[in-house]
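Chain by chain, the residues run as shown.
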Amino acid sequence: MMSLLKDPVLLAAALGTSLPFLSMAVILVFTRQNQRLSATISVGSVSVSLLSSLYLLITLYGAGAPVQYEFPWLLADDIVIPFGYLLDPLSLLMLTIVAVISFLVQVYSIGYMSGDPGFSRYYAFQSLFAWAMMSMVIAPSMLQLFIFWELVGLASYLLIGFYYEKWSASQAGKKAFVMTRLGDIGFFLGLIILVLGFGDLSIVRMNEAGQGHQIPQYLITISALLIFGGVMGKSAQFPLLTWLPDAMEGPTPVSALLHSATMVAAGVYMFSRIFPFYSMSPEAMALALAIGTVTMLLSSTMAMATYDLKQVWAYSTVSQLGFMVMGLAAGGYFAGVFHLTTHAGFKALLFLCSGIFIHEYHTNDFRIIGQQGGRKLMIPMVCMTVGALALSGIFPFSGFFSKEAILGVLANHPNKLWLGAGLVGALMTAYYTFRLIFFMLFPRGVAAAHGVHDAKGSGHGHDDHEGEHHGYIFWTMAVPVMILAGISVVLGFSQSSLESFLMGHGSVPAQLAASGGEGHAAAHDGHGIGHYALLIGAVTMALGGIFWAFMEFGRKGATQEGFLRAFPVVERLFAARWYMDAFLRAFLDKVIYSGLTNVFTRNDRRVIDGGIDGICFFTVAGGRLLSFLQSGMLQYNLLVMIVAVGFVVLYFLLA
Amino acid sequence: MTPMEMASFPILTAILASTIVGLLVIVFIPDGRDKLIKQVSLAFSAVGLALSVWVYLTYDVQKGGLQFVERYLWVKGLGIYWFNAVDGINAPMLLLTAVVLFTGVLTMWELEVRVKEFFAFMFLLVAGVYGVFMSMDLFWIFVWYDVSLFPMYPLIAIWGGTRKEYGGMKLTLYLLAGSALILPGIIYLWVQGGAGTFDLFELQRIGFTPQVQRVAFIMLYLGFGILAGVWPFHTWSPVGHVAAPTAVSMIHAGVLMKLGAYGILRLGMTLCPEGLGYWSELMALLATVGIVYGAFVGLAQTDLKYVIGYSSVSHMGIVGLGLSTMTVNGINGAVFQMFAHGVMTALLFSSVGYIYDKTHTKMIPELGGLSRTMPVASAFFIIAAFAGIGVPFMASFWAELLVFISAVKTYPVRGILAVSGLVVSALFMLRVVQKTFYGEKNEKWEHIPDVPLFLATPRIILVGTILFFGMFPRVMLDVIQSAVIPFVAGLSV
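What you see as residue numbers is a count from 1 along each chain, following the sequence as written. Starting at A for chains and at 1 for ligands, labels are handed out in the order in which the entities are written. Local features in a predicted model are, by the rule used here, given only for residues with pLDDT of at least 70; side-chain atom pairs are given and counted only at 80 or more, and totals for whole chains, interfaces and linings are based on all residues.

Only runs of H or I of at least four residues qualify as helices and only runs of E of at least two qualify as strands under DSSP, and these elements are numbered from the N terminus. The number of helices and strands found in chain B is 20 helices and two strands. When we talk radius of gyration, it's over C-alpha atoms, and the globule rule is simply 2.2 Å times the number of residues to the 0.38. Taking 23 Å as the expected radius of gyration for a compact globule of 493 residues, we find that chain B reaches 21 Å, a close match to that expectation. As a rule, residues whose C-beta atom has 12 or fewer other C-beta atoms within 10 Å are exposed, those with 20 or more are buried, and those in between are partly exposed; C-beta atoms are placed from the backbone. Out of the 493 residues in chain B, the part that is buried amounts to 64%. Contact criterion: two residues are in contact if their C-beta atoms, reconstructed from the backbone, are within 7 Å. Once local pairs closer than 6 in sequence are excluded, the contacts in chain B between residues at least 24 apart make up 81%.

Another aspect to go through is the overall build of chain A. Helices and strands together make up the secondary structure of chain A, namely 29 helices and two strands. Here chain A, with 655 residues, has 53% of them falling under the buried criterion. A fraction of 79% describes how many contacts in chain A between residues 6 or more apart in sequence connect residues 24 or more apart.

Before going further, it helps to spend a moment on the interface of chain A and chain B. Listed by partner, the interface residues are 34 residues for chain A and 42 residues for chain B. Per-element accounting of the side of chain A that touches chain B gives the leading share, 13 residues, to helix H7 (residues 167-197) of chain A. Only Asp, Glu, Lys and Arg are considered charged in this grouping, and only Ala, Val, Leu, Ile, Met, Phe, Trp, Tyr, Cys and Pro are considered nonpolar; every other residue, Gly among them, is considered polar. Split into classes, the residues belonging to the side of chain A that touches chain B amount to 22 nonpolar, five polar and seven charged.

Turning to the nonpolar core, a few remarks are in order. Ranked by internal contacts, the top residues of the largest apolar core, which has 414 residues, are A:Val152, A:Val325, B:Leu94 and B:Val343. Broken down by element, the residue count for this core peaks at 18 residues, all from helix H16 (residues 333-361) of chain A. Excluding its chain neighbours within four sequence positions, the residues that come into contact with A:Val325 are A:Val231, A:Ser235, A:Gln237, A:Val268, A:Phe271, A:Ala288, A:Ile291 and A:Gly292. What makes a nonpolar core is a set of buried Ala, Val, Leu, Ile, Met, Phe, Trp, Tyr and Cys residues, with links drawn between C-beta atoms within 7 Å.

Before going further, it helps to examine unusual backbone geometry. For the peptide bond that leads from A:Phe395 to A:Pro396, omega is 5 degrees, which places it in the cis range. Looking at where A:Pro396 falls in the secondary structure, it is placed in the loop between helix H18 (378-392) and helix H19 (398-411). Looking along the chain, the bond that leaves B:Trp231 and enters B:Pro232 is cis, with omega of 0 degrees. Tracing the backbone through its elements, the reader meets B:Pro232 in the loop between helix H9 (210-227) and helix H10 (236-243). Despite not being glycine, A:Tyr579 shows a phi value in the positive range, around 60 degrees. Its place among the elements puts A:Tyr579 in the loop between helix H27 (568-575) and helix H28 (580-631). Taking the number of C-beta atoms within 10 Å as the measure of exposure, A:Tyr579 has 12 and is therefore exposed.

To continue, consider helix H6 (residues 152-159) of chain B. Among the residues of H6(B), those classed as buried are B:Met152, B:Tyr153, B:Leu155, B:Ile156 and B:Trp159. Residues of H6(B) that are buried sit in contact with helix H4 (115-134), helix H5 (138-149), helix H7 (164-193), H10 and helix H11 (246-271) of chain B.

All names here are of chain A. Expected span, for any helix, means 1.5 Å times one less than how many residues it has. The terminal C-alpha atoms of helix H9 (residues 217-234), which comprises 18 residues, lie 26 Å apart, in line with the 26 Å expected from a rise of 1.5 Å per residue. Residues of H9 that are buried include every one of Ile220, Ser223, Ala224, Leu226, Ile227, Phe228, Gly229, Gly230, Val231, Met232, Gly233 and Lys234, and no others. Those residues of H9 that are buried lie in contact with H7, helix H8 (203-211), helix H12 (265-273), helix H13 (275-278), helix H14 (282-303) and helix H15 (309-329). Directly beyond the C-terminal end of H9, a positive phi value near 55 degrees is found at Ala236.

Looking now at the environment of A:Phe563. Examined against the element boundaries, A:Phe563 turns out to sit in the loop between helix H26 (529-554) and H27. In the structure, A:Phe563 is positioned 11 residues away from A:Glu552 in sequence and 7.7 Å away in space, judged by C-alpha atoms.

Bringing the packing of H12(A) against H15(A) into the picture now. Residue and element names in this part refer to chain A. Axis separation between H12 and H15 bottoms out at 10 Å; the angle between their running directions is 5 degrees. Our classification of the angle between H12 and H15 gives roughly parallel. Only Leu321, Met324, Val325 and Leu328 of H15 make contact with H12, whose side of the interface consists of Ala265, Val268, Phe271 and Ser272. The axes are straight lines fitted to the C-alpha atoms, using for helices just the contacting stretch, and the angles between their N-to-C directions are given from 0 to 180°. Note on angle classes: values under 35 degrees are labelled roughly parallel, values over 145 roughly antiparallel, values of 65 to 115 roughly perpendicular, and the remainder oblique.

This paragraph deals with the confidence of the model for chain A. All names here are of chain A. The score called pLDDT rates the predictor's confidence residue by residue, from a low of 0 to a high of 100. Put simply, chain A has an average pLDDT of 82, and 84% of its residues get 70 or more. Note on residues 447-468: pLDDT under 50 across the span, and 11 contacts to partners over four residues away in sequence or across chains. In this model residues 514-526 is a low-confidence stretch, pLDDT under 50, and it forms 24 contacts with partners more than four residues away in sequence or in other chains.

Residues and elements named next belong to chain B. Taken N-terminus to C-terminus, the directions of helix H12 (residues 273-299) and helix H18 (residues 412-437) make an angle of 20 degrees; their axes are 8 Å apart at the nearest point. One finds that H12 runs roughly parallel with respect to H18. You can see that H12 and H18 cross each other, and the crossing is left-handed. Facing Ala284, Leu285, Thr288, Ile291, Val292, Ala295, Phe296, Gly298 and Leu299 of H12, the residues of H18 in contact are Arg414, Leu417, Ala418, Gly421, Val424, Ser425, Leu427, Phe428 and Arg431. Residues belonging to the contact of H12 with H18 are distributed by class as follows: 12 nonpolar, four polar and two charged. Crossings are assigned a handedness: left-handed for a near helix turned anticlockwise from the far helix by less than a right angle, right-handed for a clockwise turn.

Turning to the pairing of strand E1 (residues 67-76) of chain A, a few remarks are in order. Residue and element names in this part refer to chain A. Pairing between strands is defined by DSSP: at least two bridges between them are needed. Both E1 and strand E2 (residues 79-87) contribute to a ladder of nine bridges, which runs antiparallel. Along E2, the bridge assignment pairs Tyr69 with Tyr85. Turn length for the E1-E2 hairpin, with the two strands adjacent in sequence and antiparallel, is two residues, and the turn residue Asp77 shows positive phi of about 50 degrees.

Structure follows, in structure tokens:
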């Protein structure tokens, strides 16, 4: 306790991460009935977290070495599980991202969730998430990271299934939990193998030992490949990606916070956390690169075939996560982390803007929102366009800088295939993003649709909302959105200062370079002619995508059908997520439910129980047999024997 | 063996006496005074709980070894001792028993049928359980073991539910079969020992020949294994759980199954370390099959109690797997899991008990949407389900972690298979939670009140226990470890 008070850094770390836990407990146990108080407690605690993380960032900005605290949590023979904090540039950056977006989303939710019967529960779960996520981010050991990683998954499950009365919502929550669990099994096994083979899960020591060739190569490769399973689950990489679009069943602020900006980025974060270790295995890096690429391309195609506002952003999140993994796997430590940072900002922005539209028009279909005059909501429309420009990678928005950084890394990769894929991805991203924007900006068939909705009292509803626009509900939603839009405009220009912070002393790559590893990550940002060619190429792709979308959806007289309409098979393929869900469903039904489950259950009833009953039968039959033998009724003897033999045969047949 | 200090006050006998005196008092209360009977039961179970907590807290971890020892020669010719003691392995078990009994009595607060007989039988059952856990004399262990089995049949057949006679009979026959293996095992060891003693530790010092150990171990393993729900001798347990009334299911799955695992550890593994070495591969195999198989069969169940029953089969497999590794952390994890699973499964049954009392059904398809009508009652089940899935900060997470680390080390293939079973167990638990508690509000249950605070007490205690040991695992593990480290050191000698 004393050390806690003497050391302001430790105090800030402890307070910032654990207050949300207290807030959750208090809300669940005491203030469930009082919505206002619950929100106050939760927002209050996350504000403290925000202040703590900013304090830590400022205090430790120039710190030479990572600051680490560890306390023994569990001592089991040779296994020591510490609980503590690791404060280095990467964790400070991520902590700040999480705190900022959590804070904004919680403020936004005051408006968005107002009037919901589960309001207090919502804030309890938000606090649970904030606690778990921040404790995960500053975990000093992989095991602590894993523990909070699982808790983050729990928070995600609870928040996706928040509207539990809706079957699809609880279904989506279950799917998310089980699918990420599948990846986590790999993660867990990877950690176990590391514990057994290396004996230490401290992130710092793991990275050092990996770089210093103190861990056998095969061990690095096996554990890295297994740990990547965790990344695939949490960050929705192929083939575990379909849970993320389904997770959009949760309230929109949840989608903004968990399923785009922070939680799903945890996989990428974990990857960068052990990047020096991971990069020692070329095989694992190659696999990650391939998976990232496939994920990015597949989900981009899916985004082109949906009319659901949130689904578009969800697919785009998957694809951008794939893009980050590509960047990291190609050796671009800074590029990957930088894209994570900018993406957190602009994707949260896009979701929160969508939330305002959804709150206003009670539909997720962006065609209908457009037809009902969505563009009249100036603040969210402008902010959403800012987010869309950032997502497409247009100068001077933040996405431009980070995408450029990743493409730069890919360009330096010996195999140019990856660069090509990255450029195609940029094209598709711009296309599907602006397909949505143009649908909302230039709606067709307004009159027809308007009549319908007027009759349903849409005009009347609009009057209500006019009042709302000046009320606190609108502003609690609009202000966070504007802040995020501002961030998306300026964040890109902080590239060099962020780079020196992340790559500076005490950072992971600095150790990497010091130990003479393959620390060529920093070397990627050459400013040669190739760089400018790439710059022009990427911008051309993005602008080309926007122009393409404009031709099909934006310009006067555009059919708003899109080129996919000409290829119905392809469109169906994209819309059905490449039949990944159908495959999964079939697998579950055929292999799990009617396969193994059924076989085992029948085995239980027929063979095991049947066997026991058989023994009883034999006992009784044996007694009868003896008595019949004495009475000399041969036909009965025969009958009993035949039945008995038949039973034996049946038993073996069923076994 | 470490030198023993005799306890100045026979606190263990006092724990045992709390149930037996309680039983006698209950018997002499006139019929019809149901309220009084319940209060008396609660009081006596509270005495047991207080004493067990006291023993747990004052157990000196630094010193380790046997503490609170009471050892008196009882029958000289046969070498039977009244020998009770506590070490790091049974201290958590006593605590578990006390917690489950106390919460079980509270859970049955609304019982109306033959109240007196019910609580009398329940106290008899728990007397046996306490006895097995605290006794260090083979004769007494067997006696108490049979004492704990005997009340099961009436408890199920009279107060039970679904197919109660079938379930009760099946359970009784299975457990008696187990008992029929254990008794010869014990006698065999007594004869082979030749020292004319039933004292566990004197027998341990004799050091049986490998041949004897192999034979004795498999008998004890199978005998106790039936009770521990070892695959393929597990089918009695879901059927029995389903048939039994709530508190009996709690004691049964929460404590009685642990008795089996405890017996394997205390008798089989202590007396026959070489027999363990010989059979450990089989143990690991059966345990792994149990983990995966239990989870899959759990997927197909439509009765809430069957689901819990099969989850118990799966979770007890983790105990077996941990024991079979013969490593410190494997056994640490196994004992921890015995405790954690006991509390968790008691919570599951207790929660289902309330739902069943109010809706008169435990069929999943008939339920649904319960979270809307009874959020608090549902929350208890959901929390327990998460404990079952192995979410961190729940007691069982640590236990599973330790077992899996050791299992992957000792038996890589089986360990990995067992870990993969976690996906299935997550799937089947979440499936039950979804179908029972989520979904549209069910008109049929709209009139049902949420669980009132008093009736929620047992569940609050159980949730608190799960979370406490989940957050501060050292409070449990340091105690367990103080016994397991010397135990494993003894195995390798």
